[in-house]
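The residues making up each chain are set out below.
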Amino acid sequence: MHAPSVFNTQSLSEQQKAHLVAMGISLYEPVKQIVLANQAWLDDVCKLLNIKVESCVFDAIKPKFDDDTKTLHLPPISYQSEADIKKLIWLNVRQFIS
């Protein structure tokens, strides 16, 4: 039996890494805590929903938009990559974007 091979992503160029990510192949990234309230892109998400940043409440386990109250409920912190949390937010709010 062969020992399992470990792939070292440090040997890849940035372009190669981008190609892998574009194909949906996730590369190992150290786990970082993302505080959603501190993200500069949050304002852009709110603009898409036609709400103010003040309408964001950081009380949810996963992103949810309440169309009746025009409130975006988000988790206070995330341990996903920034791209993954943005994708999760998009998947949960896209039906409300006109």
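Throughout what follows, the structure given in this document is the object of discussion. Only a predicted model underlies this, so the values are computations on that prediction, with no experimental measurement involved.

Reading the values: rules and limits
Residues numbered from 1 in each chain as written. Predicted model: local features only at pLDDT ≥ 70, side-chain atom pairs only at ≥ 80, totals over all residues. Heavy atoms only, no water. Helix = DSSP H or I, 4+ residues; strand = E, 2+ residues; numbered from the N terminus. Buried < 20%, exposed > 50% of the residue type's maximum accessible area, 1.4 Å probe, protein only. Areas by Shrake-Rupley, 256 points an atom, 1.4 Å probe, with all protein chains shown as cover. Core = buried A, V, L, I, M, F, W, Y, C linked by side-chain atoms within 4.5 Å. Contact = heavy atoms within 4.5 Å. Pairing = 2+ DSSP bridges. Polar contact = N/O pair within 3.5 Å; in protein donor to acceptor, adjacent residues only side chain to side chain. Salt bridge = Lys/Arg side-chain N within 4 Å of Asp/Glu carboxyl O.

### Looking at the overall build of the protein chain
Here is step 1 of the chain: When its secondary structure is counted, the protein chain shows 3 helices and 5 strands.
Here is step 2 of the chain: Tracing the protein chain from N to C terminus, the helices and strands come up as α-β-α-β-β-β-β-α.
Here is step 3 of the chain: Expressed as a percentage of its 98 residues, the buried residues of the protein chain come to 26%.
Here is step 4 of the chain: Here the protein chain displays about 7500 Å² of accessible surface, and carbon together with sulfur accounts for 55% of that area.

### Focus: the nonpolar core
Here is step 1 of the chain: By size, the foremost hydrophobic cluster in this structure holds 15 residues, and its most contacted members are Leu49, Leu72 and Ile89.
Here is step 2 of the chain: Listed by contribution, the elements that provide at least two residues to this core are helix H2 (42-48) and helix H3 (82-93).
Here is step 3 of the chain: Setting aside chain neighbours within four positions, we find leucine 49 in contact with Phe65, Leu72, Val93, Phe96 and Ile97.

### So, the sheet that holds strand S3 (residues 64-66)
Whenever strands of a sheet pair, they do so through backbone hydrogen bonds, lying parallel or antiparallel.
Here is step 1 of the chain: Strand order in the open sheet made by the 3 strands is S2-S4-S3, with mixed pairing throughout. Pairing within the sheet leaves two strands with one partner each, and these edge strands are strand S2 (56-57) and S3.

### Thoughts on the side chain of glutamine 39
Here is step 1 of the chain: Following the sequence through the fold, glutamine 39 ends up in the loop between strand S1 (34-35) and H2.
Here is step 2 of the chain: Engagement of the side chain of glutamine 39 in a polar contact is seen with the backbone oxygen of valine 35, the distance being 3.0 Å.
Here is step 3 of the chain: What glutamine 39 contacts, discounting residues up to four positions off in sequence, is Ile34 and Glu82.

### Regarding the pattern of salt bridges
Here is step 1 of the chain: Here the structure, examined in full by the defined rule, presents 4 salt bridges.
Here is step 2 of the chain: The residue glutamate 14 makes a salt bridge to lysine 17 at a minimum N-O spacing of 3.7 Å. Taken as a pair, glutamate 14 and lysine 17 lie in helix H1 (residues 14-22) at a separation of 3 residues, close to a single helical turn.

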